[in-house]
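# A look at the structure
Spelled out from the first residue to the last, the chains are:
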Amino acid sequence: MGANAASILNQLLHGVRRPNSPPPGPGAAKAVTQTILGHLEAGRLQEAVSVLFASHEPVAHSLYARLFQLCSSAQAALEARKVEFHLGTFNRTPPAFLLNRAIEAYGKCGCLTDARELFDEMHERDGGSWNAMIAAYVRNGRAKKALSLFSDMNASGVSASEVTLASVLGSCGAVRELGLSMQIHGLMVKRAFCGNVILGSSLVNVYGKCGVMDDSRRMFDEMERPNAVTWNVIVRRYLEMDDEREAIVMFFKMFLTDTRPLKFTFSNALIACSKICALAEGMQIHGFTIKVCLEDDEVVSSSLIDMYVKCVELEFAQKIFDQPCAKNVVSWTSMVSGYALGGRIGKARELFNEMPERNVISWNAMLAGYIRSRQWDEALNFISLMRSSTKDVDHVTLALISNLCTGLSDVFMGKQVHGFVYRCGLFSHLLVSNSLLDMYGKCGNFRYARACFYLMSQWRDKVSWNSLLTSYARHQRSEHAMEMFSEMQWETMPSVFTFGTLLSACANISALDHGKQIHGFMIRRGYKIDIVIRGALIDMYSKCRCIKYALKVSMETAPRDVVLWNSIILGCCHNGLGKDALELFDVMSKEGIQPDHGTFQGLLRACICEDLVDMGGRIFKSMTNVYGVIPRLEHHEQMIELFSRAGWMRELKKFVKTMRIEPTVSMLKRIHGACQKHEFPELGEWASKLLAESNISDPCER
DNA sequence: AAATTTGCCC
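Predicted model only: the values in this text are computed from it and were never measured. (Residues numbered from 1 in each chain as written. Chains lettered and ligands numbered in written order. Predicted model: local features only at pLDDT ≥ 70, side-chain atom pairs only at ≥ 80, totals over all residues. Heavy atoms only, no water.)

### A look at helix α38 (residues 633-646)
For α38, built from 14 residues, the straight-helix expectation of 20 Å at 1.5 Å per residue is met to within 8% by its first-to-last C-alpha distance of 20 Å. All buried positions along α38 are accounted for by His635, His636, Gln638, Met639, Ile640, Leu642, Phe643 and Ser644. Looking at the buried residues of α38, the elements they touch are α36 (597-610), α37 (613-627), α39 (649-658) and α40 (665-677). Trailing α38 by a residue or two, Gly647 shows a phi angle of about 75°, which is positive. (Helix = DSSP H or I, 4+ residues; strand = E, 2+ residues; numbered from the N terminus. Expected span 1.5 Å × (residues − 1). Buried < 20%, exposed > 50% of the residue type's maximum accessible area, 1.4 Å probe, protein only. Contact = heavy atoms within 4.5 Å.)

This is the structure in structure tokens:
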């Protein structure tokens, strides 16, 4: 494109230079220069260049240099070409330093072809020419080109200056060129460039980007006077290596020096706090921002709001958000997201509706809220609203819609999402393909799940493996899940997510040895035994009839959440310890944990195995009256089981007749059986009549 | 500077 434009320009130029135009009189050049300077002083670069262009006399080198510089900062490619043409036409061999300025100007304008042509045609290149050309590549994101030119430079015997090395190190960071960076580091030591703070910071940066944080930190510690940029780099690199603690520590260290943090450093440190919910540190940083009068800055206040949102301190976030200067799309989206993911969907939607402008991220934040709180219908409505309000749909939107299909167990809709993803060319996006894989797997469509999994061979990660593994385990294919685990280790490392699933698989097939091996493996390899893993361990040990271990794991350490308690209570029931289960419920209540559906299934199961019919009845009533947990189908089934086993037929009748739900076929069968055993025909006939009717209306249910 | 996939009980 550049060459094409240049050739058109050449034609134009030849038209301008008429051969029979009168020769310029004496003093004409001076007049031209004056006119040009006049235009420049008034900021009219275009006019100045036009005057030069029409003139048939060379001007002073310094004027060319100034024009090139102005073209650079104004990013005026056409003007730069005109100046270069004039320079080349009226100077047989223009000095290298001027041509270097031209290369710089082309680089700044993004005209790499022009820059390179000029560079290649130069008769005499100096170090500056190489620098200018390398910098042009770097500026336009062509890191590999920059590095290959650097190698040409070395081959041609030109020695690199500090300026060159700074550009080159930047490119090394972009393409993770650790080897070359280390060579440059060596060269810097040899040429005593190590005191150069820009080069030092570049090395801290490049080592961090290449993932060798220890080297990055050593370089940082060796630097005598790290500046604000150096500090920013080290904080940022720790953050990107997921070492949020160290990022925060470095930020606080910085505050002990006299260096004033850049506002980006504030936001980097705040992001680190957000990621690990470090509220106390975040609040201290908030204090610092006030101290240096940056709390009103747009970027800093957005970061503060997001920090409070992520630490679930919505009141604090709201307080900052209420300041007029803090309101922009980003902070607004943070607030919506905070309320939405915190379950305060109504408040989130209110705020969303008030937004003066929204982008795709704002829409996604709201949609994520509906899906997180399993409000499927609202999510569907919101999606149609989104489709009619904006053209914006990105990979996150598609992953969210795929999750919605998973929640609805709607493979049909899921396939439509898949088709849409395919047409957008987004299937190779890891987030999207993982969501689709998960959708097929969780819906039990293993043919499609497998197909996705193989198509993803080139880019799948441990999330893909975990997702498929879990889908198998949840569809009663635990052995298959265990086999996949061995296969998985050829490709990626297992994570706590993997072990959570595997332990549950072991529990379901009573594979105590496997379960113990996993437990031991996790301890030996230093995996964190978090609350989910502890729940899975308790479940595994108790289902494998190893209640001693189960109780040991459960009582070892707090905290315990409701799922963990449910595992303990159910675990006791599995081992015939109903009374203990009921006692443990009191301990759970004393810890202030609210029971849920699962808890009551455990308690009713305890009553069944201990024949505590009265107690069961009281517990069932307390669900609605005391705990506000609406009994589900399973609880009704358990009550029927409880009365039937004990032969409490009148109570059974009363319960069945006052149930708020329709009796299922399996309930009717259980009732019918009990009535026969305990000779209670009045209810038995009712049950068999209903069974006969359901056989006609629903032949599939048998 | 904001949204995003995988795990335990029922």
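There's more to say after this.
### Let's talk about the nonpolar core
Grouped together as the largest cluster of nonpolar side chains are 214 residues, with contacts concentrated most on Phe150, Ile184, Ile234 and Phe499. Apart from the residues lying within four places of it in its own chain, the contact partners of Phe499 are Phe485, Pro494, Ile518, Phe521, Met522, Tyr527 and Ile533. (Core = buried A, V, L, I, M, F, W, Y, C linked by side-chain atoms within 4.5 Å.)

### Some remarks on the protein's contact with DNA strand B
Inspection of the region around DNA strand B gives 42 residues, with Lys310, Leu431, Asn434, Asn466 and Gln601 positioned closest. If you look at DNA strand B and keep only atoms within 4 Å of the protein, 49% of those are sugar or phosphate atoms. Within the contact set of DNA strand B, a base nitrogen lies 3.5 Å away from a side-chain nitrogen or oxygen of Ser302. The leading source of residues in the surface near DNA strand B is helix α32 (residues 531-543), at six residues. Of the residues that constitute the surface near DNA strand B, the class distribution is 14 nonpolar, 18 polar and ten charged. (Near = heavy atom within 4 Å. Polar contact = N/O pair within 3.5 Å; in protein donor to acceptor, adjacent residues only side chain to side chain. Nonpolar A, V, L, I, M, F, W, Y, C, P; charged D, E, K, R; others polar.)

### Remarks on the environment of Glu641
Turning to its location among the elements, Glu641 is positioned in helix α38. Spatially, the C-alpha atom of Glu641 lies 9.4 Å from that of Arg605, the residues being 36 residues apart in sequence. When neighbours within four sequence positions are excluded, Glu641 is seen to be in contact with Ile608 and Arg670.

### Topic: the packing of helix α19 (residues 314-321) against helix α20 (residues 329-341)
Angle between the axes and distance between the axes are the two parameters that describe a pair of packed helices. Where α19 contacts α20, the axes come no closer than 11 Å and their chain directions differ by 155°. On the basis of their axis angle, the class for α19 and α20 is roughly antiparallel. Like other packed secondary-structure pairs, α19 and α20 cross with a definite hand, here left-handed. Each of Leu314, Ala317, Gln318 and Phe321 in α19 lies in contact with α20, whose residues at this interface are Ser331, Trp332, Met335, Gly338 and Tyr339. Partitioning the contact of α19 with α20 into residue classes produces six nonpolar, three polar and no charged. (Axes fitted to C-alpha atoms, helices over the stretch in contact; angles between N-to-C directions. Parallel < 35°, antiparallel > 145°, perpendicular 65-115°, else oblique. Left-handed = near helix turned anticlockwise from the far one by under 90°.)

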